[in-house]
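Examining the three-dimensional arrangement
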Amino acid sequence: MKKRNPFFFLFLYGILGLSTAKAQGFKNGWVGRYVNSIINDTTSAEKSTLTVYPTFASAPETGVELGASILKLFYAKGDTLNRLSEMQAFTFFTFKGQYGIVLDNAIYGDQDKWFFLGETKIQKFPLSYYGIGPNTAGDHPAVVDAFQVLFKQRVLRRIKKNLFVGPELDYQLLSGVNFEQPEEGSPYPIPVGGDGTQNLGFGLGLVYDNRHNVLNVREGLFAELAYLKTFSGFVSDYSFGTVNMEVRSFHKIAKNNVLAWQVKGQFLHGEVPFNQLTMLGGDRLMRGYYLGRYRDRNLIAVQAEYRMLPFGFSKRLGASVFASAGAVSPTLGGFQMRNVRVAGGVGLRYLLFPKKDIYIRFDVGFTREGANFYIFNGEAF
């Protein structure tokens, strides 16, 4: 799940400290006490926490993003033998004319009997559009301005230890669409769904999950196989199906270091609107590429990351090194090595909630098209 990080001054406050008389006055004021309660969280691990804070984030799709967030972290029945659950609501705006509200949840029931995993987005979110296919040019994108609603929820029941099965629901609305063609270069053909679309998908998912802290996994395995189907005429403009396959594996190396890797595949069939095609790029997979830099009906991508959480000489500072490769294709048999894109990068980490082991990440991703920066809390995967 993508997270916004607490405002940047919290990070500076925690690293630099405040030692002057003026700084001491700030620390003793209500603002200072509030900041200190976040930076130096003394809540016992089994207690739930509810934190309200201003947020700051950065990504190539949004530029600078400001907002406010409410984050609740808890263990079912206050038992740390259960998995850490999280619920977050945040609202945001950017200087690119984007704004909205987002709700995220990853809730584990007592003894993992139930697992609720989902997200809701209501937003106005202009994005660059590079066309469809594995070889689209990147110099003159169109801008797609639209109002978007996304509601996705999985309700999973444990059938064996760490194994869950259950229905999935996926509703997406795109309305008020305005395609702003580039001033230079050829105009883009309006794709399927380019005049606006809504689609409701029903599906079934099988999930294996033995992670304990979904925001910062140090050891464990997550695997998902799911199928979703929309039906034209039933709250849907188009009929298409989606197969989602994903594996994430985490291996503890020494005391504080983690080696993590991920393999992801998405495969669609039917008449698919452009906004629900598979997309390469973003702050989670293929960091360095703009979200949707390449989009098509099928996607295969892999990434690996080595995390030092924290450094041996620090209680809060850490770092990571990551690399990824991926491709999109119009057909299952159309993947070609020449269309594989690669990305890599480095990042800094700052331990924000020591009791919950949650870090802010500052990543820079490099591709053959340049570099992009990301600031969020919680790891990319």
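As the structure is a computational prediction, the values presented were derived from the model and not from experiment.

A word on the packing of aromatic side chains. Counted under the stated rule, the structure contains 14 aromatic pairs. Where Y108 meets F115, the ring centres are 4.2 Å apart and the plane angle is 5°; that geometry is what we call stacked. Among the aromatic residues, those joined into a cluster by ring pairs are Y129, F179, Y188 and F274. The ring of F231 carries K229 above its face, with NZ or CZ at 4.8 Å from the centroid. Sitting above the plane of the F222 ring, R248 keeps its charged end 5.1 Å from the centroid.

What follows is about the pattern of salt bridges. When charged atoms on two side chains of opposite charge get close, those side chains can pair. Applying the stated rule across the entire model yields 20 salt bridges. The shortest N-O distance in the salt bridge between E305 and R349 comes to 3.0 Å. Residue E305 is located in strand β16 (residues 298-308), and its partner R349 is located in strand β18 (residues 341-353); the two are separated by 44 residues in the primary sequence. No difference in accessibility class separates E305 from R349, as the two residues are buried.

The two faces of a sheet get side chains in turn, since along a regular strand they alternate between them. As paired strands, strand β9 (residues 163-180) and strand β10 (residues 197-209) are joined by twelve bridges and run antiparallel to one another. By the bridge assignment for β10, E168 is matched with G203. Sheet analysis places β10 next to strand β11 (residues 220-230), joined by nine bridges and oriented antiparallel. Looking across to β11, one finds that L204 is bridged to Y227.

Here the focus is the layout of surface pockets. Size it by volume and the largest pocket reaches roughly 170 Å³. In this structure, the largest pocket is lined by D79, L81, N82, R83, D110, Q111, D112, K161, N162, N210, R211 and H212. Broken down by class, the residue content of the lining of the largest pocket amounts to one nonpolar, five polar and six charged.

Let us now look at the side chain of R295. For R295, the location among the structural elements is in strand β15 (residues 294-296). The buried charged residue R295 lacks any salt bridge, with D296 as its nearest oppositely charged partner at 9.4 Å. A polar contact is formed between the side chain of R295 and the backbone oxygen of F274, at a distance of 3.0 Å. Not counting chain neighbours up to four residues away, the residues in contact with R295 comprise S128, Y129, G131, I132, G133, F274, N275, L277, T278, M279 and V328.

Among the structural elements, L351 can be located in strand β18. Residue L351 is classed as buried on the basis of its relative accessible area, which comes to 8%. Along the sequence, L351 and G378 sit 27 residues apart, while their C-alpha atoms lie 10.0 Å from each other. In contact with L351, other than residues within four places in its own chain, are K315, R316, D357, I358 and Y359.

Here strand β13 (residues 257-270) pairs with β16 via eleven bridges, running antiparallel. The residue bridging N257 from the neighbouring strand is M308, located in β16. Direction of pairing for β16 relative to strand β17 (residues 317-329): antiparallel, over a ladder of eleven bridges. Along β17, the bridge assignment pairs A301 with G326.

Together, V64, F93, F95 and Y99 give the surface a local cluster of nonpolar side chains, amounting to about 430 Å² of exposed area. As for its placement among the helices and strands, Y99 is situated in strand β5 (residues 99-108).

Once that is clear, we can look at the confidence of the model for the chain. Residues shown with low pLDDT carry predicted positions that ought not to be read at fine detail. Per-residue confidence for the chain gives a mean pLDDT of 89; residues scoring 70 or more make up 88%. pLDDT under 50 marks residues 6-20. Its contacts with residues more than four places away, or in other chains, come to 33 contacts.

Another aspect to go through is the nonpolar core. Residues L73 and F115 are the most contacted members of the largest nonpolar core, which totals 23 residues. Mapped by element, the contributors of at least two residues to this core are β2 (49-59), β3 (63-75), β5, β6 (114-124), β18 and β19 (358-367). When near neighbours in sequence (up to four residues on either side) are disregarded, F115 contacts A106, I107, Y108, R154, V155, L156, F164 and D209. Residues V144, Y188, L268 and F274 belong to the second largest nonpolar core, which totals 13 residues.

What follows covers the environment of I107. Considering the arrangement of structural elements, one finds I107 in strand β5. The class of I107 is partly exposed, set by a relative accessible area of 21%. Sequence-wise, I107 and L73 are 34 residues apart; in three dimensions their C-alpha atoms are separated by 9.5 Å. Not counting the four nearest positions on each side in its chain, I107 is found in contact with F74, S85, E86, M87, W114, F115 and F116.

We now examine the environment of E369. Looking at where E369 falls in the secondary structure, it is placed in the loop between β19 and β20 (370-377). Considered as a pair, E369 and G138 are 231 residues apart in the sequence and their alpha carbons are 8.4 Å apart. Not counting the four nearest positions on each side in its chain, E369 is found in contact with Y289, R293 and Y294. Among the polar contacts listed, one links the side chain of E369 to the side chain of R293, at a separation of 3.0 Å.

So, about unusual backbone geometry. Following L309, the chain continues into P310 via a peptide bond in cis, with omega recorded as -10°. With respect to the helices, strands and loops of the structure, P310 is situated in the loop between β16 and β17. Even without glycine at this site, V235 takes up a positive phi of about 55°. In this fold, V235 is placed in the loop between β11 and β12 (240-253). When its relative accessible area of 38% is taken as the criterion, V235 is described as partly exposed.

What counts and how
All residue numbers refer to position in the chain's written sequence, counted from 1. Given that the model is predicted, a residue must reach a pLDDT of at least 70 before its local features are reported, and side-chain atom pairs must reach 80 or more before they are shown or counted; all residues, however, enter totals for whole chains, interfaces and linings. Side-chain metrics rest on all non-hydrogen atoms present in the structure, leaving aside hydrogens and water. Put simply, two rings from Phe, Tyr or Trp (the six-membered ring, in Trp's case) pair if the centres are within 6.5 Å, and we call them stacked under 30 degrees between planes, edge-to-face over 60, tilted for the rest. Both a distance and an angle decide whether a charge sits over a ring: NZ of Lys or CZ of Arg must be within 6 Å of the ring centre and within 35 degrees of the ring normal. Here, a salt bridge means any Lys or Arg side-chain nitrogen found within 4 Å of an Asp or Glu carboxyl oxygen. Working definition: helices are DSSP H or I runs of at least four residues, strands are E runs of at least two. Numbering for both runs from the N terminus. When accessible area is computed with a 1.4 Å probe and restricted to protein chains, residues below 20% of their type maximum are described as buried, those above 50% as exposed, and intermediate ones as partly exposed. Any two strands with at least two DSSP-identified bridges between them are counted as paired. We place a 1 Å grid over just the protein atoms. Points where a 1.4 Å probe fits but has no way out form a cavity, open points with protein on both sides within 12 Å along at least 5 of 7 lines form a pocket, and any residue with an atom within 4 Å of a point lines it. Grid points are joined across faces, edges and corners, and a volume is the space filled by probe spheres set on the points. Residues are grouped as follows: nonpolar covers Ala, Val, Leu, Ile, Met, Phe, Trp, Tyr, Cys and Pro; charged covers Asp, Glu, Lys and Arg; every other residue, Gly included, is treated as polar. We treat Lys and Arg as the positive residues and Asp and Glu as the negative residues; His and chain ends play no part in the count. In protein, a polar contact means a hydrogen-donor-capable atom and an acceptor-capable atom, both N or O and within 3.5 Å, with residues adjacent in sequence counting only if both atoms are side-chain atoms; elsewhere, any N or O pair within 3.5 Å suffices. Whether two residues are in contact is decided by their heavy atoms, any of which lying within 4.5 Å being enough. Excluding any residue in a salt bridge, patches collect residues exceeding 30% relative accessible area, merging like charges within 9 Å and nonpolar Val, Leu, Ile, Met, Phe, Trp and Tyr side chains within 5 Å. For the area figures, the Shrake-Rupley method with a 1.4 Å probe applies, and any residue is considered shielded solely by the protein chains shown. Confidence of the predictor in every single residue is expressed as pLDDT, which spans 0 to 100. As used in this record, nonpolar core signifies buried Ala, Val, Leu, Ile, Met, Phe, Trp, Tyr and Cys residues forming a set joined through side-chain atoms within 4.5 Å.

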